[in-house]
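Working through the structure, step by step
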Amino acid sequence: MNVNSPYQGVRVDPDDTRPILIVPYMWIGDFVRGHTVVRVLKERWPNRPVDLLVTKLVAPLVDYMPGVRSGIVWDLPRSQLALARQWELAATLRARNYGTALVMPRTWKSALAPALAGIPERIGFVGEARFGLINQWRWGEKKLPRMIDKKCALALPAGTPLPPEWPVPQFRVPADEIARWRQANGLGTGPAVALGPGSVGSSKRWTYYAEAAKLLVERGLDVWVIGGPGEKDLANEIVAAAGPRARDLTTNDLRNGVIGMAAANVAVANDSGLMHIAAAVGTPTIGIFGPTSPQLWGPLNPLAATVQTKTIVPCQPCHRPICSMNDHACMRDIPAEDVAGIIQGVMAEASNRSAQI
């Protein structure tokens, strides 16, 4: 017998086993938050397999997302329709017999392969004249306040009242995988702080990671710099300032970022994909915000601390990728000593909590 789901008027249906495809946004932070959509679908249909269309960059994240059967890696070229590649993707999708496709982006291109594959239910918001490609239209996207509301609305029947809170992303990193990672990188078992100094757009990058790392090392903590190849120069600067207890662990494999954030005692990051990853794996996470709003762009998971400047910066938040006013005061006015103190406080609180368990 069907039972009520957590959503008003929506019933749980364990008998439906048709696979579901999600075509998500591919930015790392948005992809992480997309795990909430998976959880909503599983609350409605516990026995429908859920697959995600992924790029090579975000593909490693799928391995840590409970409720996802598989990721279909397909890197379509930017700014091109690539019709031949779309037909190849459609053939792959057709072979998997999907009953439903949730198309998150509003672009024509994102809806093409699911339509060519003949997936019976293709759900998406109105956009880019996708008539025939989307066959279950949703309206009112602009009235929804947050990105997660827009995404999860597609996972519920049209017109369903949206809840004030959604299930949060929950990534699972096995303990033995963390232990192997620590051993492979010669990291030992001491307390460590993971730093995520990178971001998309220089304006979101806090100015004083090197100074903070030096303070943390002086107080007996190991420091790991996590990120991709684009953060290599930042990592070199931080390690040079902090000394041998600071390690450059940047790589071109996002899996390294997931495990590194899960292995750390505390993570500190700008408004970035790594911040969302750290929060999703359950590591106490400190998010540093300058030009962006934590209310709009922070993780769904609760942050251990949100750090913003205490001074009044008239242009904040500007949401611009490059600062063009006030000499980046929204980030320059956050002292390294303040952040280092917050890190120590969060670590102490986490240690006390562990001792009580």
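Look up: the structure comes first, before these words.
Residues numbered from 1 in each chain as written. Predicted model: local features only at pLDDT ≥ 70, side-chain atom pairs only at ≥ 80, totals over all residues. Heavy atoms only, no water.

Note that N97 resides in the loop between α3 (83-95) and β6 (100-103). In this structure N97 comes out as exposed when scored by relative accessible area, which is 58%. Taking the C-alpha atoms as reference points, N97 and G118, 21 residues apart in sequence, are found 9.1 Å from one another. (Helix = DSSP H or I, 4+ residues; strand = E, 2+ residues; numbered from the N terminus. Buried < 20%, exposed > 50% of the residue type's maximum accessible area, 1.4 Å probe, protein only.)

With that settled, consider the packing of helix α6 (residues 175-184) against helix α9 (residues 254-263). Contact geometry for α6 and α9: axes closest at 10 Å, N-to-C directions at 100 degrees. By the angle between their axes, α6 is roughly perpendicular relative to α9. Each of E177, I178, W181 and R182 in α6 lies in contact with α9, whose residues at this interface are R255, N256, I259, G260, A262 and A263. Among the residues forming the contact of α6 with α9, the class breakdown is five nonpolar, two polar and three charged. (Axes fitted to C-alpha atoms, helices over the stretch in contact; angles between N-to-C directions. Parallel < 35°, antiparallel > 145°, perpendicular 65-115°, else oblique. Contact = heavy atoms within 4.5 Å. Nonpolar A, V, L, I, M, F, W, Y, C, P; charged D, E, K, R; others polar.)

With that settled, the discussion passes to the nonpolar core. Within the largest apolar cluster, 55 residues are counted, with the highest numbers of intra-cluster contacts made by I22, L41, L61, W224, M261 and I277. In terms of residue count, the dominant contributor to this core is α9 (six residues). In this view, L41 contacts I20, I22, V50, L102 and A155; residues no more than four positions away in its chain are not counted. Core analysis: the next-biggest nonpolar cluster, separate from the first, contains 34 residues, A246, A305, A329 and V346 among them. (Core = buried A, V, L, I, M, F, W, Y, C linked by side-chain atoms within 4.5 Å.)

What follows covers the pairing of strand β4 (residues 50-54). Extensive coverage of β4 is indicated by the burial of five of its five residues. Of the two faces of β4, the one carrying V50, L52 and V54 and the one carrying D51 and L53 are both buried. Here three bridges tie strand β3 (residues 20-23) to β4, and the two strands are oriented parallel to one another. Residue pairing in the sheet places I20 in a bridge with V50 of β4. Pairing analysis gives four bridges linking β4 to strand β5 (residues 70-73), with the strands arranged parallel. Opposite L53, over in β5, you have I72 as the bridge partner. (Pairing = 2+ DSSP bridges.)

All right, on to empty space enclosed by the protein then. In the structure shown here, the tally under the stated rule is four cavities of 30 Å³ or more. A breakdown of the residues in the lining of the largest cavity according to their chemical character gives eight nonpolar, four polar and no charged. Empty space within the second largest cavity amounts to approximately 60 Å³. Grouping the constituent residues of the lining of the second largest cavity by class yields seven nonpolar, one polar and two charged. (1 Å grid on protein atoms, 1.4 Å probe; cavity = no way out; pocket = protein on both sides within 12 Å on 5 of 7 lines; lining within 4 Å. Points joined across faces, edges and corners; volume = space filled by probe spheres on them.)

Here we take up the side chain of T283. Following the sequence through the fold, T283 ends up in the loop between α10 (273-280) and β13 (285-288). Those residues within four positions of T283 in sequence are excluded, and the remaining contacts are M261, A262, A264, N265, V266, A267 and A278.

Right, let's get into the pattern of salt bridges. When the charged atoms of two side chains with opposite charge come close together, those side chains can pair. Applying the stated criterion to the full structure yields 16 salt bridges. Linking R18 and D16 is a salt bridge whose minimum nitrogen-to-oxygen distance equals 2.9 Å. The exposure class of R18 is partly exposed, given its relative accessible area of 32%. Across the pair D16 and R48 runs a salt bridge, and its minimum N-O distance is 3.6 Å. Taken as a pair, D16 in the loop between β2 (11-12) and β3 and R48 in the loop between α2 (35-44) and β4 lie far apart in primary sequence, 32 residues in all. Across the pair, R48 and D16 agree in class, each one buried. A single salt-bridge network, built from bridges that share partners, covers D16, R18, R48 and E121. (Salt bridge = Lys/Arg side-chain N within 4 Å of Asp/Glu carboxyl O.)

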